[in-house]
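Examination of the molecular architecture
Here's the letter readout for the chains.
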Amino acid sequence: MSSHPHHRGKKKKLRNKNEIREKYDSEIKSCTSRYEHVKKETLVKFADLPISPKTLAGLESAGFINMTEIQKQSILPCLKGSDVQAEAMTGSGKTLGFLVPLLECLWREKWSPNMGVGALVITPTRELAYQIYEVLKKVGCKHDFSAGLIIGGKSVEEERGRIQRTNILIATPGRLLQHMDQTAGFNCDLLQLLVLDEADRILDMGFSTAMKYILENLPRERQTLLFSATLSTKNIIRLADLSLKESVVVSTVKSKTPSQLTHSYVTLELSEKLEVLHAFIKSHLNSKILVFMSSCKQVQFHNAVLCKLRPGMPILALHGKQNQLRRVGIYEAFCKKTAAVLLATDIAARGLDIPAVHWVVHLDCPEDIETYVHRSGRTARYHKTGNSLAMLLPSEEKMVTKLQNSGVSLTKIRVNPQKQVSVQKKVQALCAESPEIHHWARKCFVSYVRSVFLQRDKSVFQVEQLPLAAYAASLGLLTAPKVRFLKKATKKRGDNQEAEKVESEEENEKEEEKKKIELPSDDDEDDILIKKGSSVVDSMSTENLEEIQPRVPKTKAKTRVAKAKALLRKGIVANTKITFDEEGNVDSQEGVFEQHKTVTVDITPAVDPSKAGGIDIAAMRADMGVQDRADKLDEKQKRQQAKRARKEKKRLAMAERFGGAVAKLGGASSEDEDQRGVSEEEEYSQDRGDKDFSDEEEEEEEEEDRSAKRFKSDNLQDTEDLARQLLGDL
Ligand SMILES: Nc1ncnc2c1ncn2[C@@H]1O[C@H](COP(=O)(O)OP(=O)(O)OP(=O)(O)O)[C@@H](O)[C@H]1O
């Protein structure tokens, strides 16, 4: 008797399902049974590893066939479920060292999309999170897990909606903590695997509080992997918080940096830095150069000036004050270039895998050996050659000895005097003609001095040795701007001589303030935008995507009362309007300048012809006060409206850029490529157009007042602040 066709179909489906399940089970069994038998000494290719066909296919489709040393050493213990601390040189392939075990862990556990977060990768910077996410999408493309990017600078709401459906999270600490705290229903209770990439940075002071709270929200029964190029003992002490089970320590570090990386340094005066950098760029026009500086403001000033000096190649800039969209755009643009200069803060020092960087230039001395190693590691990656050049002040030469003692030898080189052409006059001219560049120069000066002042290693960084006047001159400034914190510190030390010197700097500063040129107020937003656009055209080439649009210093807009007072002082009777009839005869007291009509109408009642001079000052003042307040309110509302519109625009762009927060790994690629349809050109124009100076200025002033620690963590500002806010530290 034959069964009903409907039942036959159902049975067939069931049989298929069972077959799939059995196949899955047997694949898992065959892999796990090999874990103990595979010898890492025999490993050469990924195919030699006991891993799933899906991961292997993903690796092969991304072009990864042979394993690097760290991959050979670390993947096996990770697969076996041990906690692992892995240290390997920069550019040696650590990312796959943890991504392969991560995919395998979820695959083994038969993780399904509705099971929530199974694996979590924490990184210190958004760029690094983004880069790991991109690699994960490639190698995990055959799996069905969903992966999500949880980083600052994106809409929390967007992430909130999707985070619940994410199996693999790549996150920066602050934003992750925010979701743990604020997103209803989000938890990591089933988490199987935690990875800390750049673990030493994640565990150091800047993140320790945030990490403490994150770890409290994670199950203790989990596997933990720590990866970095520099896992120093000071951080290992903090590992107690991570509740590691007996961990396997894997280190392939024979030397701190790759052998194909050459190290050199020049000693120069602070005032020579800009011209030496300019000369260096001019003599390496076919190279890809990454220049590290110690603060955002230095990057902003050097970017503005170098773009104007036109050394002959594209100049780009990356720092923590840019919005996320722009940061990713710049990073991608630099990746694609074969010859360009990227000026960056230490935001770009760790983990970034930028193809074919020829030179890393430390324009400002790295704060410690680890920073030097990570910065320099942006070149000479994965068998490529590369060069590192440190520009050191005489007092900073001690850093060379420190590096030598830890196994990194730097060769001293000299700048060819024929190539070192002074640019001071040109920079001074730029400062004189452009209030924006002048403004940046001042900010650059103060932030550099502050960065030296805040360094921990006082044997290398000696703020009192800095030739401030010469440095200011090299930035195009006539006098050295005031350095408040230095004054305070000097006073504290009771060093009266120094205090006097700073005091005189302050006086100079006041003089400069007096001379300040009147700049456009917020009313002139349209003018500013036009100016922005035109300066892009002005720039060296259309490739020069990142010519900075420096902020215009805020000058106090003259109120109408002030303007009227000035007129009165000059003996000009306000509101006297003359109009002419058609024959040209004086007609009546009507407005000459149409555009002033409103003002005139408002002021007219204050005019009392019976009074001497024709004006009742008190009444006029009261009247204008009312008008002034109304204007200010109106202006404020307009600004707020514009800000809201800009935010919304950014949010939409961001959502489009990242495809929300989640990508499905299986078949994610095509969908995601589509979602990344915003062209670079669009991104830049959007970013340029939607930032007004007043906002940036406010941000900047806030930044000025922040503490030493905050200054050092410019790359992580939002995440760290957020964390501290949430924890009530602020
Ligand atoms: N097995 C491999 N085969 C070929 N290329 C690889 C392999 N593993 C890694 N790479 C390439 O090597 C480069 C460096 O890898 P990765 O970014 O993982 O290095 P890293 O050790 O994490 O460096 P850092 O310490 O600077 O973060 C990348 O471009 C990556 O694609």
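The present account deals with the structure reproduced in this document. Since this is a predicted model, take the numbers as computed values, not measurements.

1. As for the overall build of the protein chain
Secondary structure assignment for the protein chain yields 29 helices and 15 strands. Here the protein chain holds 730 residues, and 53% of them are scored as buried.

2. Re the environment of G91
Mapped onto the elements of the fold, G91 is located in the loop between β1 (84–87) and α4 (94–108). Accessibility expressed as a relative area gives 15% for G91, which makes it buried. As a C-alpha pair, G91 and D353 span 262 residues in sequence and 7.4 Å in three-dimensional space. Once you skip the residues sitting within four places of it in the chain, G91 turns out to touch R381 and Y382.

3. Considerations on the sheet that holds strand β13 (residues 386–392)
Read from one edge of the open sheet, seven strands run β10-β11-β9-β12-β13-β8-β14, paired in parallel fashion. Each of the sheet's edge strands pairs with one partner strand only, and the pair in question is β10 (315–318) and β14 (411–412). Note: strand β12 (residues 359–362) against β13, four bridges, orientation parallel. Looking at the pairing, W359 lines up with N387 of β13. Sheet strands in contact with helix α12 (residues 296–309) are β10 and β11 (340–344), and its direction is about 170° off that of β10.

4. Here's the deal with the site of the ligand
Not every one of the 19 residues close to the ligand is listed here, only the nearest: N66, K94, T95, D353 and R381. In this structure, an oxygen atom belonging to the ligand sits 3.4 Å away from a side-chain N or O atom of E198. Contact distances for the ligand include 2.8 Å between an oxygen atom and a side-chain N or O atom of R378. Relative to its free-state accessible area of 640 Å², the ligand is covered by the protein chains to the extent of 87%. With three residues, the top contributor of residues to the shell around the ligand is α4.

5. Remarks on the pairing of strand β6 (residues 223–228)
Of all six residues in β6, six are buried, a share of seventy percent or more. Residues Q223, L225 and F227 point to one face of β6 and T224, L226 and S228 to the other, with burial holding for every one of them. Here β1 pairs with β6 via four bridges, running parallel. Considered in β6, the bridge of Q85 is made with L226.

6. A closer look at the nonpolar core
Core analysis: the largest hydrophobic core is formed by 71 residues, its most contacted members being F46, I168 and I170. Filtering out sequence-adjacent residues up to four positions away, F46 remains in contact with I51, L56, L59, F64, I65, N66, M67, Q71, I75, L96 and V100. Counting residues in each nonpolar core, the second largest holds 68 residues, with M313, L363, V400 and V463 among its members.

7. Observations regarding the side chain of R201
Along the chain, the position of R201 falls in helix α8 (residues 199–202). For R201, a relative accessible area of 13% gives the class buried. At 2.6 Å, the side chain of R201 and the side chain of D204 are in polar contact.

8. Thoughts on unusual backbone geometry
Despite not being glycine, E198 has its phi angle at roughly 55°, a positive value. By the element assignment, E198 lies in the loop between β5 (193–197) and α8. In the Ramachandran plot, Y382 falls in the positive-phi region, its phi being about 40° despite a non-glycine side chain. Note on placement: Y382 falls in the loop between α14 (369–376) and β13.

What counts, and at which threshold
Residues numbered from 1 in each chain as written. Predicted model: local features only at pLDDT ≥ 70, side-chain atom pairs only at ≥ 80, totals over all residues. Heavy atoms only, no water. Helix = DSSP H or I, 4+ residues; strand = E, 2+ residues; numbered from the N terminus. Buried < 20%, exposed > 50% of the residue type's maximum accessible area, 1.4 Å probe, protein only. Contact = heavy atoms within 4.5 Å. Pairing = 2+ DSSP bridges. Axes fitted to C-alpha atoms, helices over the stretch in contact; angles between N-to-C directions. Near = heavy atom within 4 Å. Polar contact = N/O pair within 3.5 Å; in protein donor to acceptor, adjacent residues only side chain to side chain. Areas by Shrake-Rupley, 256 points an atom, 1.4 Å probe, with all protein chains shown as cover. Core = buried A, V, L, I, M, F, W, Y, C linked by side-chain atoms within 4.5 Å.

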